[in-house]
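For reference, the chains in residue letters:
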Amino acid sequence: MRPLYNRLNRAMALNELGLHAESEAEARDALRLAERMNQGYLVAGLAAGVAEACWGAGKLEEAEHFSLYALEQEEVFFRAPACVILALVRGRQGLATECEQLFD
């Protein structure tokens, strides 16, 4: 499982560098492996990573989908990043109240 943690970190680093397409590809590929291994923590983290990369690339529908998927895993550690991306999406959708609630 350690390689999947490394891939999670790599995806996050790529996203921080503005390499959203590379980050998304890394996180999506690792996410498929984490899903097969039934690793909820890694699924949540990688889904949040895909959501963040999609947000950075302007893919709002995919950012929303993967944020919600990350939240479904009920992993507390990745709740905040998934909520932030979902709030940003809701803001772009003009849903100010929901956006504020997610940030709260």
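Residues numbered from 1 in each chain as written. Predicted model: local features only at pLDDT ≥ 70, side-chain atom pairs only at ≥ 80, totals over all residues. Heavy atoms only, no water.

Trainee: Please explain the overall build of the chain as it appears in this structure.
Mentor: Secondary structure summary: the chain contains six helices and zero strands in total. The secondary structure elements of the chain, listed N-terminal to C-terminal, are α-α-α-α-α-α. Expressed as a percentage of its 104 residues, the buried residues of the chain come to 39%. When the accessible surface of the chain is summed, it comes to about 5,900 Å², and 52% of that surface belongs to carbon and sulfur atoms. Each charge sign in the chain was given a centre, from 10 positive and 16 negative side chains, and these centres are 7 Å apart. (Helix = DSSP H or I, 4+ residues; strand = E, 2+ residues; numbered from the N terminus. Buried < 20%, exposed > 50% of the residue type's maximum accessible area, 1.4 Å probe, protein only. Areas by Shrake-Rupley, 256 points an atom, 1.4 Å probe, with all protein chains shown as cover. Lys, Arg positive; Asp, Glu negative; His and termini not counted. Charge placed at Lys NZ, Arg CZ, Asp CG, Glu CD.)

Trainee: Looking at this structure, how should I read the confidence of the model for the chain?
Mentor: Low pLDDT means the predicted atomic positions in that stretch should not be read closely. When pLDDT is averaged along the chain, the result is 93; 98% of the residues meet or exceed 70. For the chain, the element scoring lowest by mean pLDDT is helix H6 (residues 96-103), at 74; helix H2 (residues 20-36) scores highest, at 97. (pLDDT = per-residue confidence, 0-100.)

Trainee: Sorry if this is basic, but what is going on with the side chain of Ser67 here?
Mentor: Mapped onto the fold, Ser67 is located in helix H4 (residues 60-72). The exposure class assigned to Ser67 is buried, which follows from its relative accessible area of 0%. Apart from residues no more than four positions distant in its own chain, Ser67 is found in contact with Ala51, Ala82, Ile85 and Leu86. (Contact = heavy atoms within 4.5 Å.)

Trainee: For this particular structure, what's the right way to read the packing of aromatic side chains?
Mentor: Ring pairs (aromatic) are described by centroid distance and by the angle formed between their planes. This structure, assessed with the given rule, holds four aromatic pairs. What links up through ring pairs into an aromatic cluster is the set Tyr5, Tyr41, Phe77 and Phe78. (Phe/Tyr/Trp six-rings, centres within 6.5 Å; stacked < 30°, edge-to-face > 60°.)

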